[in-house]
Amino acid sequence: MRTTWLRSVRITATVDEARDAIRGHLAQVEQFRQRGRLVWAAAFENDDGFVEAFRAEDRLEAAALAEASPLVSRGLCAWSLRRLAEDPGAASVRDDDGR
């Protein structure tokens, strides 16, 4: 079963250093869309990064997909990968007995 993962990328390189990698990153996001993996994507308002929600089978596949971005693989950004709760209520406060 595919789960949803959130990749956050903050570019740490200069625009000139990152220009080609940004193009490659956006091409990867488009591939996610074409393959039905992309849930949503956005750029940060100040143009220093991106955030995408995408589907993957497990953490290994999600990490491989996240690391395939040229921004990540070339070390031009700080990035994180987090699994999203499919049911927002699942992350809410639980009863005293742990449920």
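Think of each chain on its own: its residues are numbered from 1, step by step along the sequence as written. Per-residue local features are limited, in this predicted model, to residues with pLDDT of at least 70; the limit for side-chain atom pairs, both in listing and counting, is 80 or more; totals at the level of whole chains, interfaces and linings are taken over all residues. Remark: hydrogens and water are excluded; side-chain values derive from all non-hydrogen atoms of the structure.

Peer 1: Looking at this structure, I do not really get the packing of aromatic side chains. What am I missing?
Peer 2: Describing an aromatic ring pair means giving the distance of the ring centres and the angle of the ring planes. Only centres within 6.5 Å qualify two rings of Phe, Tyr or Trp (six-membered ring in Trp) as a pair; their planes then separate them into stacked at under 30 degrees, edge-to-face at over 60, and tilted for everything else. Inspection of every chain in the model, using the stated rule, returns one aromatic pair. Aromatic pair Phe32 and Phe54: ring centres 5.1 Å apart, planes at 40°, arrangement tilted. Of the two residues, Phe32 is situated in helix H1 (residues 15-34) and Phe54 in strand E3 (residues 49-56); the sequence distance between them amounts to 22 residues. Assigned by exposure class, Phe32 and Phe54 land together as buried. Here a helix means four or more residues in a row that DSSP labels H or I, a strand means two or more in a row labelled E, and each is numbered from the N terminus. Each residue is assigned to one of three classes by its accessible area relative to the maximum for its type, calculated with a 1.4 Å probe on protein chains only: buried under 20%, partly exposed between the two thresholds, exposed over 50%.

Peer 1: Sorry, what's going on with the confidence of the model for the chain here?
Peer 2: Parts of the prediction with low pLDDT should not have their coordinates interpreted in detail. Summary of the metric used: pLDDT quantifies the predictor's per-residue confidence within the range 0 to 100. Looking at the chain as a whole, its pLDDT mean stands at 90, while 87% of the residues score no less than 70. Every residue in residues 93-99 scores below 50 in pLDDT, and together they form one contact with partners more than four places removed in sequence or on other chains. Working rule for contacts: check all heavy atoms of both residues, and any pair within 4.5 Å makes them a contact.

Peer 1: Is there a simple way to think about helix H2 (residues 59-67) in this case?
Peer 2: Owing to its 3.6 residues per turn, the α-helix brings residues three or four apart onto one side. Three or more residues of H2 are buried, namely Ala62, Ala63, Leu65 and Ala66. For H2, the arc enclosing every buried residue in end-on projection is 165°, short of the 170-degree limit, so these residues lie on one face. Tucked into the core, H2 has its buried residues touching strand E1 (3-11), H1, E3, helix H3 (70-73) and strand E4 (77-83). Contacts described as polar in this section are N or O atom pairs within 3.5 Å, which, within protein, must combine one atom able to donate a hydrogen with one able to accept it, while residues neighboring in sequence count only if both atoms come from side chains. At the N-terminal boundary of H2, the capping side chain belongs to Asp58, with an oxygen 3.2 Å from the backbone nitrogen of Leu60. Here the arc refers to the set of directions running from the helix axis out to each C-beta atom.

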